[in-house]
Amino acid sequence: MAHKLDIISVVCDDPAVCEPTLDMLISGGYVPNLFRSADEFLRSKRCISTSCLIADMQLSNASGLEIYETLVASGNAIPTILLLAGPDDDNRARALEIGVSCALSKPFSNGELLACITAALRLNHTSKAPLSKIMLSSAPLHA
């Protein structure tokens with residue numbers, strides 16, 4: 001069951017993926033925030049309150065992995081779930097190696113995504129160090 005303050009940010013520009021994901025999050029009791037680009041998410045003050053990030057690997061301006069790497073580099077890693085376009089062993093291995101919570105291949109089931117969210121939130125809620133305020137950048141991730 002979702003904690004009442006579990007805010008899940010979804011960075012996705014594919015309506016066929018993000019719309020059902022948002023519906024599932026709402027029905028699961030989570031508070032979803034949708035962002036259509038990496039820059040929109042990274043500039044948003046709402047990313048400060050994000051409990052878990054779900055990011056597509058195939059965004060128009062940056063990959064979900066690049067978003068995670070930006071957060072880590074700023075010292076503000078958020079438990080992150082990456083959505084991969086089908087079997088992608090290279091990106092999956094790289095993502096998990098650098099600390100991404102979960103990497104799911106599309107298409108994925110609601111059960112798979114919920115299991116990843118539950119695990120990521122458990123990690124977030126049991127972390128001894130609170131997530132610090134994310135430094136918001138006015139510079140785009142990619143020019």
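Nothing here was measured: the structure is a model prediction, and the numbers come from that model. (Residues numbered from 1 in each chain as written. Predicted model: local features only at pLDDT ≥ 70, side-chain atom pairs only at ≥ 80, totals over all residues. Heavy atoms only, no water.)

On a plain count of helices and strands, the protein comes out with five helices and five strands. Listing every helix and strand of the protein by position from the N terminus yields β-α-β-α-β-α-β-α-β-α. Considering the protein as a whole, with its 143 residues, one finds that 45% of them fall into the buried category. Within the protein, counting contacts between residues at least 6 apart in sequence, those at least 24 apart form 65% of the total. Carbon together with sulfur atoms contributes 56% to the accessible area of the protein, which is approximately 7300 Å² in total. (Helix = DSSP H or I, 4+ residues; strand = E, 2+ residues; numbered from the N terminus. Buried < 20%, exposed > 50% of the residue type's maximum accessible area, 1.4 Å probe, protein only. Contact = heavy atoms within 4.5 Å. Areas by Shrake-Rupley, 256 points an atom, 1.4 Å probe, with all protein chains shown as cover.)

Attention now moves to the confidence of the model for the protein. Per-chain confidence: the protein averages 83 in pLDDT, with 84% of residues scoring 70 or above. Low pLDDT, under 50, characterises residues 128-143; the predicted model gives this stretch 34 contacts beyond four residues in sequence or across chains. (pLDDT = per-residue confidence, 0-100.)

Our next topic: the pattern of salt bridges. When their charged atoms lie close together, side chains carrying opposite charge are able to pair. For the coordinates displayed, the defined rule picks out two salt bridges. As a salt-bridge pair, Lys 106 and Asp 56 come within 3.1 Å of each other at their nearest N and O atoms. Taken together, the residues span a long stretch of sequence, with Lys 106 in the loop between strand 5 (102-105) and helix 5 (110-126) and Asp 56 in strand 3 (residues 52-56) at a distance of 50 residues. Overall, Lys 106 belongs to the buried group, its relative accessible area being 18%. Judged by relative accessible area, Asp 56 falls into the buried class, the value being 1%. In this structure, Glu 69 and Arg 94 form a salt bridge, with 2.6 Å as the shortest nitrogen-oxygen distance. Of this pair, Glu 69 sits in helix 3 (residues 64-73) while Arg 94 sits in helix 4 (residues 89-98), and the two are 25 residues apart along the sequence. (Salt bridge = Lys/Arg side-chain N within 4 Å of Asp/Glu carboxyl O.)

What follows concerns the environment of Leu 96. Position of Leu 96 among the secondary structure elements: in helix 4. When the C-alpha positions of Leu 96 and Ile 81 are compared, they lie 9.9 Å apart, and in sequence the two are 15 residues distant.

Close contact between helix 3 and helix 4 brings their axes to 11 Å; oriented N to C, the two are set at 15°. Here helix 4 runs roughly parallel to helix 3, going by the angle between their axes. You can see that helix 3 and helix 4 cross each other, and the crossing is left-handed. Residues Leu 65, Tyr 68 and Glu 69 of helix 3 lie in contact with helix 4, whose contacting residues are Asn 91, Arg 94, Ala 95 and Ile 98. (Axes fitted to C-alpha atoms, helices over the stretch in contact; angles between N-to-C directions. Parallel < 35°, antiparallel > 145°, perpendicular 65-115°, else oblique. Left-handed = near helix turned anticlockwise from the far one by under 90°.)

Now for the environment of Phe 108. Among the structural elements, Phe 108 can be located in the loop between strand 5 and helix 5. For Phe 108, a relative accessible area of 18% translates into the label buried. Apart from the residues lying within four places of it in its own chain, the contact partners of Phe 108 are Thr 21, Leu 83 and Leu 113.

We now examine the side chain of Asp 39. Structurally, Asp 39 can be placed in helix 2 (residues 38-43). Buried within the structure, Asp 39 lacks any salt-bridge partner; its nearest side chain of opposite charge belongs to Arg 43, at an N-O separation of 4.8 Å. In terms of polar contacts, Asp 39 uses its side chain to reach the side chain of Asn 61, at 3.1 Å. (Lys, Arg positive; Asp, Glu negative; His and termini not counted. Polar contact = N/O pair within 3.5 Å; in protein donor to acceptor, adjacent residues only side chain to side chain.)

Sheet architecture is open: five strands sit in the order 2-1-3-4-5, paired in parallel fashion. Pairing within the sheet leaves two strands with one partner each, and these edge strands are strand 2 (31-35) and strand 5. For this sheet, the mean inter-axis angle between neighbouring strands, taken without regard to orientation, is 20°. In this fold helix 3 packs onto strand 1 (7-11), strand 3 and strand 4 (80-84), with an angle of close to 140° to the strand it touches most, strand 3. Along the sheet, helix 4 contacts strand 4 and strand 5; its crossing angle with strand 5, the most-contacted strand, is approximately 165°. (Pairing = 2+ DSSP bridges.)

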